[in-house]
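Descriptive structure summary
Here is how the chains run, residue by residue.
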Amino acid sequence: MAAAVREVRAANPLAPSITNTVTQNFVANAQLAVGGSAAMVYLPDEGECVAALGGAVYINLGTLLPVYEETVPRTARACAEAAKPWVLDPVGVGIGSLRTELIRAVKAWPAAIVRGNASEIIAVAELWGLDAAADNGRGPRGVDATDSVEAARAAAVAIARFSGGAVAVSGPTDLVTDGAVVVRAEGGSPLMCSVTGSGCSLGGVAAVYACVADPLTAALAATAAYNRAGAQAAERCSGPGSFQVAFLDALAALTPEEVADAPLAFEEA
Amino acid sequence: MAAAVREVRAANPLAPSITNTVTQNFVANAQLAVGGSAAMVYLPDEGECVAALGGAVYINLGTLLPVYEETVPRTARACAEAAKPWVLDPVGVGIGSLRTELIRAVKAWPAAIVRGNASEIIAVAELWGLDAAADNGRGPRGVDATDSVEAARAAAVAIARFSGGAVAVSGPTDLVTDGAVVVRAEGGSPLMCSVTGSGCSLGGVAAVYACVADPLTAALAATAAYNRAGAQAAERCSGPGSFQVAFLDALAALTPEEVADAPLAFEEA
Amino acid sequence: MAAAVREVRAANPLAPSITNTVTQNFVANAQLAVGGSAAMVYLPDEGECVAALGGAVYINLGTLLPVYEETVPRTARACAEAAKPWVLDPVGVGIGSLRTELIRAVKAWPAAIVRGNASEIIAVAELWGLDAAADNGRGPRGVDATDSVEAARAAAVAIARFSGGAVAVSGPTDLVTDGAVVVRAEGGSPLMCSVTGSGCSLGGVAAVYACVADPLTAALAATAAYNRAGAQAAERCSGPGSFQVAFLDALAALTPEEVADAPLAFEEA
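Residues numbered from 1 in each chain as written. Chains lettered and ligands numbered in written order. Predicted model: local features only at pLDDT ≥ 70, side-chain atom pairs only at ≥ 80, totals over all residues. Heavy atoms only, no water.

Under an unreviewed UniProt entry, chain A has the name Hydroxyethylthiazole kinase and belongs to Adlercreutzia mucosicola. Regarding chain A, the relevant UniProt record gives this comment under Function (unreviewed entry): "Catalyzes the phosphorylation of the hydroxyl group of 4-methyl-5-beta-hydroxyethylthiazole (THZ)." Database annotation for chain A, UniProt heading Cofactor (unreviewed entry): "Mg(2+)". (UniProt positions renumbered as here; feature names shortened; annotations may be inferred.)

Shown next as structure tokens:
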């Protein structure tokens, strides 16, 4: 993890995004804060182009536009063809039909990292027809989790085994797995839930680290960096407005050692 | 008003939005700061879906996309069919033809709360053919008001009587009416005009309160909260950048009593 | 330059934008901070409408949507027909085919100010077939410059001579030219590159100044204001999050004299 953090600061890798309009600015600024470079696009041939240009692509389904019907599958396929990792953030899965259709479509070129809250990870496992996923009989609630992180453990492991990559489940205790090990990470701050885009920007930062590291290391480095910077920012702020400002400052100031020293608990999957 | 503020913090209601891309992030963060939950969408079936999921929907016409031609009427109709309140923010009315067309179309399922600056409220009354609205012979100026709040009093009352809901006119002194009473609210700060999205996010917060309260109470609570948080933030900032940060902090820290104690002047409509 | 800064604060001119969704909020807040007014649109007839309403239009090609195929040329033409200046920010030129097509299309109604990083300016000169532009044989990298400002000098001069306006090349030392003189401006801060939208918002502010001043003066005033505010903000911040906040505060507090006193080095083109 320390090596990934260091290499990103040295190499300034480009991790382009197709991401929601609500939190685009925060995603880009978080990617810059850790030392990466950002570029956001919407059009199909632009998705293919940035997949070729970048080291890893971040695809977030938060605010779908009609053109995403073409852009998302073509970009995922372009990543697969160029052997570039991509990160899937299945925000709001269950809202509308296109979101469901796109998640099913990209199963053909699965993301190296799937990042989401517990409800989103369970929904992806269901849509991909993976064994571990029992239909929980609940519909979408919006964009917030209604399931606990532990409830998504089996779904996360199943997705990681299917994709050969990693899955990161965000929550009070985060869970990251590559299908072989399950890692739990503590830290962060409840204030992260009071700023829109904490999860999205974590996905964007995971894509930056995926430019230089394997999916598990990238997902863990991003998670550890967020927990550390979130805890530091919480000490220096007076509410959600100043938390976001302090968080970007803390993220930019993190040393590789601070990220690597994050307390992680490993177990077999 | 105090009850609405308290209930929102306890229940964390979801107030989804179809809102402009310029200020989406601020709208979402303001909704989170008062204790609500946010989700933004663009597609027609997603608008219908979030109308069913949420407690109230915020529709802001600031940056129209082609798909809004379907999304806005279908979402307004879905709200009506589900008996969910929705908030209309007619930003930029007069710019282009789709904006005019959409405002006319949603007259069939009128918003529980219409929020805008004076010029926008007058324009909506005109487009809805309401008596009080005299054509003022001016075209659009952009997104800023060119009429005084008092000039919009009759239009606001007419809209509220037509819709059976409430209308909130933002300005140096705000005016809120349900067609029976007219309430004027002081406070806030001129700095609110130097931060884009102060009005939009007020509309989004009104939708959060409309999840748990009647339209007049929701509009007044949002207006009072903004005036109080705006005044507090103005004391703690050094310009528009730090004002926005301090404003979100203040909004998150507001007590129900501070909102309820806001100075309001009531008169018959 | 001092007169332009003063007149903008007095007249609050409207500089509408068609601009990318990543940095829209920062563009609008920067335009407000210098005393202008902002409005962002996407649809073709809205572009034409705001070209008529505003004093100058800012067009940024960062995140293209399908509708831009019509909106961008129609808005550029509407500016030309109304003799309104417009500012072109060719972000991400080289990514996808529509971007290239749009830059070629607007050559018919060239921008009064073209603002970009060195790579973008060289690319525009190439796409417009201007003599000074030698094909540098490199493809797009994303949205960041891979060429030095000095390498773009000839391209900038050629564009300015063709358009009869000005060109601003952003970099460690900025270069601004009207085809007759070349001006270099020092200042700013490396932190400006760690906040997404520093360049975009400079373009938006140049459009605000272009409402009241000739293209060269407007481009220089915006560049000088950014360098001054950037240097001030860098002294008061603890990282990229607080830099952006301090930058907007500093921009709002700048005096006409501080902008006019910026160190500029003139030479013949």
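Glancing now at the packing of aromatic side chains. Tallying each qualifying case throughout the model produces 15 aromatic pairs over all chains. For the pair Tyr 226 of chain B and Phe 247 of chain B, a centre-to-centre distance of 4.8 Å together with 65° between the ring planes defines the contact as edge-to-face. With a gap of 21 residues between them, Tyr 226 of chain B in helix α9 (residues 215–236) and Phe 247 of chain B in helix α10 (residues 240–253) connect regions that are remote in the sequence. On the basis of relative accessible area, Phe 247 of chain B is assigned to the buried category, the value being 2%. Among the aromatic residues, those joined into a cluster by ring pairs are Phe 26, Tyr 226, Phe 243 and Phe 247 of chain A. The residue whose ring lies beneath Lys 107 of chain A is Phe 162 of chain A, and the NZ or CZ to ring-centre distance is 5.3 Å. (Phe/Tyr/Trp six-rings, centres within 6.5 Å; stacked < 30°, edge-to-face > 60°. Helix = DSSP H or I, 4+ residues; strand = E, 2+ residues; numbered from the N terminus. Buried < 20%, exposed > 50% of the residue type's maximum accessible area, 1.4 Å probe, protein only. Lys NZ or Arg CZ within 6 Å of the ring centre and 35° of its normal.)

Now for the packing of helix α4 (residues 68–81) of chain C against helix α5 (residues 97–105) of chain C. Residues and elements named next belong to chain C. The N-to-C vectors of α4 and α5 enclose an angle of 20°; their axes lie 10 Å apart at closest approach. The angle between α4 and α5 falls in the class roughly parallel. As for how α4 packs across α5, the hand of that crossing is right-handed. Every residue of α5 that contacts α4 at Tyr 68, Glu 69, Val 72 and Pro 73 is listed here: Leu 98, Glu 101, Leu 102 and Ala 105. Of the residues belonging to the contact of α4 with α5, the class tally is six nonpolar, no polar and two charged. (Axes fitted to C-alpha atoms, helices over the stretch in contact; angles between N-to-C directions. Parallel < 35°, antiparallel > 145°, perpendicular 65-115°, else oblique. Left-handed = near helix turned anticlockwise from the far one by under 90°. Contact = heavy atoms within 4.5 Å. Nonpolar A, V, L, I, M, F, W, Y, C, P; charged D, E, K, R; others polar.)

Turning to empty space enclosed by the protein, a few remarks are in order. Counted according to the given criterion, the structure contains five cavities of 30 Å³ or more. Taken as a whole, the largest cavity spans an internal volume of roughly 530 Å³. Lining the largest cavity are 30 residues, with Asn 25 and Gln 244 of chain A, Asn 25 and Gln 244 of chain B together with Asn 25 of chain C sitting closest to its centre. Of all the secondary structure elements, the ones that give two or more residues to the lining of the largest cavity are α2 (24–33) and α10 (240–253) of chain A, α2 (24–33) and α10 of chain B together with α2 (24–33) and α10 (240–253) of chain C. For the lining of the largest cavity, the class distribution of residues is 12 nonpolar, 18 polar and no charged. (1 Å grid on protein atoms, 1.4 Å probe; cavity = no way out; pocket = protein on both sides within 12 Å on 5 of 7 lines; lining within 4 Å. Points joined across faces, edges and corners; volume = space filled by probe spheres on them.)

Another aspect to go through is helix α4 (residues 68–81) of chain A. All names here are of chain A. Over its 14 residues, α4 extends 19 Å from the first C-alpha to the last, a length consistent with the 20 Å expected when each residue adds 1.5 Å. All of the buried residues in α4 are Tyr 68, Thr 71, Val 72, Pro 73, Thr 75, Ala 76, Ala 78 and Cys 79. Contacts from the buried residues of α4 go to β1 (17–18), α3 (44–53), β2 (57–60), β3 (86–89) and α5 (97–105). At the exit of α4 stands Ala 83, carrying a positive phi of roughly 55°. (Expected span 1.5 Å × (residues − 1).)

The partner chain C presents 30 residues to the 27 residues of chain A that form the contact. When the shortest N-O distance is used, the salt bridge between Arg 99 of chain C and Glu 46 of chain A registers 2.9 Å. Those elements that place two or more of their residues in the side of chain A that touches chain C are α2, α3 and α10 of chain A. With six residues, α2 of chain A is the largest single contributor of residues to the side of chain A that touches chain C. Of the residues that constitute the side of chain A that touches chain C, the class distribution is 18 nonpolar, six polar and three charged. (Salt bridge = Lys/Arg side-chain N within 4 Å of Asp/Glu carboxyl O.)

This part takes up the sheet that holds strand β3 (residues 86–89) of chain C. Sheet architecture is open: eight strands sit in the order β1-β2-β3-β4-β5-β6-β7-β8 (chain C), paired in mixed fashion. On the outer flanks of this sheet lie β1 (17–18) and β8 (264–268) of chain C, each paired with one strand and no other. (Pairing = 2+ DSSP bridges.)

Residues and elements named next belong to chain B. Axis separation between α9 and α10 bottoms out at 8 Å; the angle between their running directions is 130°. Accordingly, the angle class assigned to the pair α9 and α10 is oblique. Crossing hand, α9 versus α10: right-handed. Between α9 and α10, the residues in contact are Ala 225, Tyr 226, Ala 229, Gly 230, Gln 232, Ala 233, Ala 234 and Arg 236 and Phe 243, Ala 246, Phe 247, Ala 250 and Leu 251, respectively. Tallied by class, residues from the contact of α9 with α10 come to 10 nonpolar, two polar and one charged.

Residue and element names in this part refer to chain B. One non-glycine residue with positive phi stands out, namely Asn 12, at about 50°. Position of Asn 12 among the secondary structure elements: in the loop between α1 (2–11) and β1 (17–18). Positioned with a positive phi, Ala 83 is a non-glycine residue whose angle comes to about 55°. Tracing the backbone shows Ala 83 in the loop between α4 (68–81) and β3 (86–89). On the basis of relative accessibility, which here comes to 67%, the residue Ala 83 falls in the exposed class.

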